[in-house]
Amino acid sequence: MTSYDEANEIISKEFQNYKLQIEEVALSDSTGRILAEDIYSDIDLPPFTNSAMDGYAIKFNSDITKWKIIGEISAGNFKEYNIDEGLTVSVMTGGKIPDGADTIIPIEDIIIEKDTIILKDNATFRKGINIRIKGNDLLKNQIALSKNIFIKPRHIAVAASCGKSRLKVYKKLNIAVLATGDELVDITTKPDEDKIRSSNLYALLSAINEMNQTGINLGIVKDQEDEIRTRISSFLNSNNDILITTGGVSVGKYDYVKSIMEELGIKINFWKANIKPGKPIIFGTYNNGSAIKFVFGLPGNPVSCIVNFLIFIKNNILYLFGIEKDDLFIAELTEDLKKKDDKKHFMRGMFSKNIEGNVFVKRVGLQSSGNLAEMGKANCLIIFDEEKRELKTGEKVFCIPI
Ligand code: AMP
Ligand code: MG
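Now for a quick tour of the structure. (Residues numbered from 1 in each chain as written. Chains lettered and ligands numbered in written order. Predicted model: local features only at pLDDT ≥ 70, side-chain atom pairs only at ≥ 80, totals over all residues. Heavy atoms only, no water.)

**Quick word on the pattern of salt bridges**
This structure, assessed with the given rule, holds 16 salt bridges. Taking the shortest distance from any N to any O, the salt bridge between glutamate 23 and arginine 33 comes out at 2.6 Å. In this pair, glutamate 23 sits in strand E1 (residues 22-26) while arginine 33 sits in the loop between E1 and strand E2 (39-40), placing the two residues 10 residues apart along the sequence. In this structure, the salt-bridge partner of lysine 377 is glutamate 374, at a minimum N-O distance of 2.6 Å. Taken together, the positions of lysine 377 and glutamate 374, both in helix H7 (residues 372-377) and 3 residues apart, correspond to about one turn of that helix. A relative accessible area of 13% means that glutamate 374 is categorised as buried. Here the residues in one salt-bridge network are Asp226, Arg229 and Glu263, joined through shared partners. (Salt bridge = Lys/Arg side-chain N within 4 Å of Asp/Glu carboxyl O. Helix = DSSP H or I, 4+ residues; strand = E, 2+ residues; numbered from the N terminus. Buried < 20%, exposed > 50% of the residue type's maximum accessible area, 1.4 Å probe, protein only.)

**Quick look at the site of ligand 1**
Neighbouring ligand 1 are 15 residues, the closest being Glu183, Ser198, Asn200, Gly248 and Gly300. Glutamate 183 has a polar side-chain atom sitting 2.6 Å from an oxygen atom of ligand 1. Contact between ligand 1 and glycine 248: an oxygen atom at 2.9 Å from a main-chain N or O atom of the residue. Summarising the interface, the protein chains cover 76% of the accessible area of ligand 1, which totals 480 Å² for the free molecule. Secondary structure elements with two or more residues in the shell around ligand 1: strand E15 (196-197) and helix H3 (199-210). (Near = heavy atom within 4 Å. Polar contact = N/O pair within 3.5 Å; in protein donor to acceptor, adjacent residues only side chain to side chain. Areas by Shrake-Rupley, 256 points an atom, 1.4 Å probe, with all protein chains shown as cover.)

**Re unusual backbone geometry**
The amide bond that connects leucine 45 to the next residue, proline 46, takes the cis arrangement and shows omega of -10 degrees. In this model, lysine 276 is joined to proline 277 through a cis peptide bond whose omega is 0 degrees. Note that proline 277 resides in the loop between strand E19 (275-276) and strand E20 (282-287). Even without being glycine, lysine 114 reaches a positive phi, approximately 50 degrees.

**Considerations on the nonpolar core**
One finds Ile244, Phe296, Ile311 and Phe312 to be the most contacted residues of the largest nonpolar core, which totals 48 residues. Of all the secondary-structure elements, those providing two or more residues to this core are helix H1 (4-15), strand E13 (174-180), H3, strand E17 (242-246), strand E21 (292-298), helix H6 (302-320) and strand E26 (380-384). Top contributing element to this core by residue count: H6, with 11 residues. In this view, isoleucine 311 contacts Tyr4, Asn8, Ile275, Phe346, Leu381 and Ile400; residues no more than four positions away in its chain are not counted. Counting 17 residues, the second largest nonpolar core, distinct from the first, contains Val221, Ile228, Ile260 and Tyr286. (Core = buried A, V, L, I, M, F, W, Y, C linked by side-chain atoms within 4.5 Å. Contact = heavy atoms within 4.5 Å.)

**Re the sheet that holds strand E6 (residues 87-91)**
Picture the strands of a sheet paired through backbone hydrogen bonds; they go either parallel or antiparallel. Across the sheet, 6 strands lie side by side as E7-E4-E6-E5-E9-E8; this open sheet has mixed pairing. The strands lining the two open edges of the sheet, one partner per strand, are strand E7 (103-106) and strand E8 (110-113). Neighbour to neighbour, the strand axes of the sheet diverge by 40 degrees on average, direction disregarded. With 3 bridges connecting them, strand E4 (residues 55-58) and E6 associate as antiparallel partners. In the strand pairing of E6, glycine 55 is matched with valine 91. (Pairing = 2+ DSSP bridges. Axes fitted to C-alpha atoms, helices over the stretch in contact; angles between N-to-C directions.)

**So, the packing of aromatic side chains**
Under the counting rule described, the total for this entry stands at 15 aromatic pairs. Put simply, the rings of Tyr4, Phe15, Tyr18, Phe270, Phe283, Phe294, Phe296, Phe312 and Phe346 touch in pairs and so form one group of aromatic residues. It is lysine 272 that lies over the ring of tryptophan 271; its NZ or CZ is 4.3 Å from the centre. (Phe/Tyr/Trp six-rings, centres within 6.5 Å; stacked < 30°, edge-to-face > 60°. Lys NZ or Arg CZ within 6 Å of the ring centre and 35° of its normal.)

**Description of the pairing of E20**
Summarising burial for E20: 5 of the 6 residues are buried, a large majority. Here 4 bridges tie strand E18 (residues 267-271) to E20, and the two strands are oriented antiparallel to one another. Looking at the pairing, tryptophan 271 lines up with isoleucine 282 of E20. Sheet topology note: the E20/E21 ladder contains 6 bridges and is antiparallel. By the bridge assignment, threonine 285 is partnered in E21 with phenylalanine 294. Here E20 hands over to E21 after 4 residues, with glycine 289 in that stretch at a positive phi of 95 degrees.

Put into structure tokens, the structure is as follows:
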């Protein structure tokens, strides 16, 4: 059976054939999008040498403690002065430094007497303090932001300082989700007897949303070949990039999804991965000559469905956009864990930190792939490797935050 690592390699290799599209958006609309260009500054930052404090500009001389005030420069209102030893102008934060001055004494460190400032007895300062030198933050034509990052407010500030009113970002992927199962009803219906609410659709749409991609809800189909065929084939003819189905990928009598995918010309790259939960996962590729599409058939079990998305789909979508998913962390187990098979397990866990910053983890009580409410309590997945059967209290384990 395909191992977890092999499965991920297959997905990332297939994803490389996808041509990312780029679009331009207004800077103010770009938060949360993924930057598709390197940003260079068109000016030095700061553009001129200026004061970092409200204070007095002087020409440093350690023997002088009194200066005559000859003027004032506020931010954005420069006036020419020539500052010689013993002279000063008051300069506000962000005000340009006049010629001759090399140091700013903060207002808090002086006493004003008529047109003179006098250094307070306990004040100390040295040459060059409180001055922000032109280009000290970034020089003109230097790289300010590298592409392939989720744009956050701090990046917006940098781009704005570099004069970028529009940014090139990757177009969002259109990811359609489809639930299969005769037992499914939508969330607005109170299920009777043998029905359940289709939570998977909403979990997947939320996970897609969290990555700021476009989720398309294709709803629920019955376990009927015709219906499933119609829906999958309309995806193949749409402009959506990825289809995620849930349910019907195992070996049950009414598990039609895989055979229909094959019948419609989807190349199955693997079916079943040596993991728990979520073993029956299917990954397929469809290439109609002009565009490549990807299909994931996830099991219906709500826990398997979410875990599969996190460990196979999310990481590979990020990777496609040039972003390495680097949130793996190490925690110390506070209980023994056991397993009986050679699958890689992704146990639902709860991690916590103590005041010294040590991270501890234990599993949430119920680990069955049907225990969705238990999954709601978890904040990480504990990775339990294939070859291991037991993990001991105190052992360090890798975890993925969820
Ligand atoms: P399946 O993978 O179709 O064999 O389904 C496995 C289990 O997951 C069954 O107990 C289903 O009722 C449940 N299930 C299937 N689809 C969904 C869904 N969309 N939302 C919640 N549970 C589901
Ligand atoms: Mg089913």
